[in-house]
Amino acid sequence: MAEFKIGRLDGQPPRIRNVPIAVTPEGFWCCPSQAALQKTAKSPNQQGRPRGGASPAPSKASSVQRAQTISSEKRAQSTPARSRTNSDEQICPPPDAVSAPDPPKVAPAPAPEKRPKQHKISVGFGQLDTSDLKVVLYGKEGVAVKMIVHKNILAENSTFFADRISRQSPVSLLEVPDCEDVEIYVETVGLMYCKDVKQRLIKQNVPRVLRILKVAESLGFHACIMSCLDYLEAVPWVGDEEENVVSSIRRLHDEDHRANPLLKRVTSDVLANPPNDTLAHIIDLVLKSSEDRGRREMKSLVLKLFKENNNTYSNGSSADSCVMTLYSCFQNCLESLLALFRQASDLEALAEQSSDDKEQMFRKITLEADNLLWLAEILSDRHAADELTVIWAGQGELAELHPKIPVMHRHLVSCVSARLLVAVGKGEALPSKETRRRLLDVWLQPLMDDYRWLQHGCRWFDRTVVEDGVGQTILTLPLEDQQAVLLAWLGRFLKAGDGCPNLQRAFEVWWRRTFVRPYAELPGSSSASRPGQH
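Note that the structure is a prediction, hence the values are computed from the model and not measured. (Residues numbered from 1 in each chain as written. Predicted model: local features only at pLDDT ≥ 70, side-chain atom pairs only at ≥ 80, totals over all residues. Heavy atoms only, no water.)

Let's shift gears to the overall build of the protein chain. In terms of helices and strands, the protein chain carries 25 helices and 7 strands. Counting across all 534 residues of the protein chain, residues that qualify as buried make up 38%. Pairs at least 24 apart in sequence give 70% of the contacts found in the protein chain among residues at least 6 apart. As displayed, the protein chain has an accessible area near 31600 Å², and 52% of this comes from carbon and sulfur atoms. (Helix = DSSP H or I, 4+ residues; strand = E, 2+ residues; numbered from the N terminus. Buried < 20%, exposed > 50% of the residue type's maximum accessible area, 1.4 Å probe, protein only. Contact = heavy atoms within 4.5 Å. Areas by Shrake-Rupley, 256 points an atom, 1.4 Å probe, with all protein chains shown as cover.)

A separate point is the nonpolar core. Counting 77 residues, the largest nonpolar core has W374, L375 and W392 as its most contacted members. When near neighbours in sequence (up to four residues on either side) are disregarded, W374 contacts I283, V286, L287, K299, V302 and L303. Counting residues in hydrophobic clusters, the runner-up holds 49 residues, among them V189, C224, I225 and L262. (Core = buried A, V, L, I, M, F, W, Y, C linked by side-chain atoms within 4.5 Å.)

To continue, consider the packing of helix α20 (residues 433–449) against helix α23 (residues 479–496). Contact pair α20 / α23: the axes reach a minimum separation of 12 Å and the direction vectors enclose 10°. Viewed along their axes, α20 and α23 adopt a mutual orientation that is roughly parallel. Every residue of α23 that contacts α20 at R437, L444, Q445, M448 and D449 is listed here: D481, A484, V485, W489 and R492. Of the residues assigned to the contact of α20 with α23, the class counts are 5 nonpolar, 1 polar and 4 charged. (Axes fitted to C-alpha atoms, helices over the stretch in contact; angles between N-to-C directions. Parallel < 35°, antiparallel > 145°, perpendicular 65-115°, else oblique. Nonpolar A, V, L, I, M, F, W, Y, C, P; charged D, E, K, R; others polar.)

Using the criterion set out here, one finds 11 aromatic pairs in the structure. Look at W489 and F507: their rings are 6.2 Å apart centre to centre, the planes differ by 45°, and that puts the pair in the tilted class. In this pair, W489 sits in helix α23 while F507 sits in helix α24 (residues 504–516), placing the two residues 18 residues apart along the sequence. (Phe/Tyr/Trp six-rings, centres within 6.5 Å; stacked < 30°, edge-to-face > 60°.)

As a further point, take the pattern of salt bridges. Applying the stated criterion across every chain, the model contains 24 salt bridges. When the shortest N-O distance is used, the salt bridge between E187 and R208 registers 2.7 Å. Pair noted here: E187 is in helix α6 (residues 182–191) and R208 is in helix α8 (residues 206–219), with a separation of 21 residues, a long-range link. Classification of R208 by relative accessible area gives buried; the value is 19%. (Salt bridge = Lys/Arg side-chain N within 4 Å of Asp/Glu carboxyl O.)

With that out of the way, let us pick up the packing of helix α13 (residues 292–308) against helix α16 (residues 355–381). Running from N to C, α13 and α16 cross one another at 10°; their axes reach a closest spacing of 9 Å. Considering their axes alone, α13 and α16 lie roughly parallel with respect to each other. Along the contact surface, α13 presents D292, R295, K299, V302, L303, F306 and K307, while α16 presents R363, L367, D370, N371, W374, E377, I378 and D381. For the contact of α13 with α16, the residue count by class is 6 nonpolar, 1 polar and 8 charged.

Even without glycine at this site, D178 takes up a positive phi of about 55°. If you trace the backbone, D178 turns up in the loop between β7 (173–176) and α6.

The predicted coordinates should not be examined in detail at positions where pLDDT is low. Looking at the protein chain, the pLDDT average stands at 77 and 70% of residues meet or exceed 70. Note that residues 1–9 has pLDDT below 50 and, in this model, 48 contacts with residues that lie over four places away or in other chains. Under a pLDDT of 50 for its full length, residues 14–104 has, in the predicted model, 109 contacts with residues more than four places off or in other chains. (pLDDT = per-residue confidence, 0-100.)

Here the focus is the environment of L191. Tracing the backbone shows L191 in helix α6. On the basis of relative accessibility, which here comes to 4%, the residue L191 falls in the buried class. Along the primary structure L191 and F125 are separated by 66 residues, whereas in three dimensions their C-alpha atoms are 10.0 Å apart. Discounting residues that sit within four places of it in the chain, L191 has contacts with V197, R200, L201, I212, F221 and C224.

Let's shift gears to a nonpolar patch on the surface. A cluster of nonpolar side chains, namely M298, L301 and L305, defines an oily patch on the protein surface of about 240 Å² accessible area. Tracing the chain through its elements places L301 in helix α13. (Patch = residues over 30% accessible without salt bridge, like charges linked within 9 Å, V, L, I, M, F, W, Y side chains within 5 Å.)

In this structure, T476 sits in the loop between α22 (463–475) and α23. For T476, a relative accessible area of 38% translates into the label partly exposed. Distance from T476 to R436, taken between C-alpha atoms, is 8.3 Å for residues 40 residues apart in sequence. For T476, the side chain forms a polar contact with the side chain of R436, separated by 3.0 Å. (Polar contact = N/O pair within 3.5 Å; in protein donor to acceptor, adjacent residues only side chain to side chain.)

What follows deals with helix α9 (residues 222–234). A rise of 1.5 Å per residue sets the reference length of α9, with its 13 residues, at 18 Å; its end C-alpha atoms lie 19 Å apart and thus fit the reference within 8%. Within α9 the residues assigned to the buried category are C224, I225, M226, S227, C228, L229, Y231 and L232. (Expected span 1.5 Å × (residues − 1).)

The subject of this paragraph is α6. Of all 10 residues making up α6, 8 are buried, and the element is well covered by its neighbours. Those residues of α6 that fall on the buried side of the exposure criterion are V182, I184, Y185, V186, T188, V189, G190 and L191.

Moving on, we get to the pairing of strand β6 (residues 143–149). In terms of burial, β6 is largely enclosed, as 5 of its 7 residues are buried. Taken together, the 6 bridges between strand β5 (residues 133–138) and β6 define a ladder with antiparallel strand orientation. Residue pairing across strands places K134 opposite I148, the latter belonging to β6. If you look at the hairpin formed by β5 and β6, you'll find 4 residues sitting between the two strands, and E141 has a positive phi there, around 60°. (Pairing = 2+ DSSP bridges.)

What follows is about the pairing of β5. Sheet topology places β5 next to β7; 4 bridges connect them, and they run parallel. What sits directly across from V136, in β7, is E175.

In structure tokens, the structure reads:
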């Protein structure tokens, strides 16, 4: 608001009136027009009113001018220039005087820089009456924290503060701009006043100690760094804390000698040579276990870990050593199973055994077959079952003895066949066509013999996956071999129905290849080279 002295026509002292003034986007001062002031001065209502009376009623011109002024203020608000008030007096001449010139152009006042509203906090440490230094932290969102501290305490514990104090001596105020973690910064400075920092850290959690460790490193607070490392070395790490701890420790520069014991929790000196002996020992323990629940749960766990870490032994000698260990275990289990099949198929020797011995022998058959299935699953998931299909396709004697063993004990052997056929059908194993044909010739018939039991006696058996894998394996063979295998299957399927794998999809593909779009004419043949011959 600005004050205007309006000349009175009756010669009496002028009356002072406040009117709004604002800055337009063009930079001009806006004030009431000369005509509006003259009309206001000539108003009889204003002239007849006593000086100390109530304020005069607004005239029509005043209302118009007020609206103009308000619109000017609204336009000013949409620009960086802000509305301001002017206390300078402007004197308007009487109406018979020469009309006043246009108001002078005034450069727009620079807009004040917008700063975020600061939240100021003051924190004191130690004896406040002896403090000789103030440290101001400027954090995010306008947070400013003033710490009242002591130079000697900070210089003794922090290389950062010691350097700042020595370079700016004498100094009574230090500023730390762009502080990322004001809360932890204040807490870390407070730890400089503690005699036993580790004892203070006991009540903290791992994420907070990692934050303290980061600030302590930036301050060069070595005692705090040591206490944080001791805390992290002793406390358990849960979930993602392990990765966060390891990444934080590896960022340390000057305390590597103290971080080594902590990193030994996740690293070993023998990592240069993969611990294949340990892996072989674990697998051997699982394979030799006779306790059902423990063996089942550990097989499931180890299989899951292998699937999650297929890249652990994905290259070079590590991969070769891991695969060799698995193949060695598979070969041992296979030899044991074959010996048990021979023993169980010898009816004369079997008749002389007691019922307990027979039960124990059949239980061993079940366990060894389950071990073979587990190892085949691991190798197939790792796409390392090529040689395994060759080994399994060569087990003609085992396949011949297979019908002599009760189906309730032998059905897991058929599961091994099914898993390898699925691996071939999915492309997890890439054996030669001779191996694929022999695998089907040797093991497809035993699989069909046990198929009904597999559907009803194995709750984890997936009929759709097995049938698709067997069908895809058949379709990888030459067309004549496809025909031989599928016709043999058709005769069995027409008799057993649901007790036989349903290979109709493979049969349809073979049918179309054979009858619908045969590829008998090869490029370059005589019939294909003659034009007009169909």
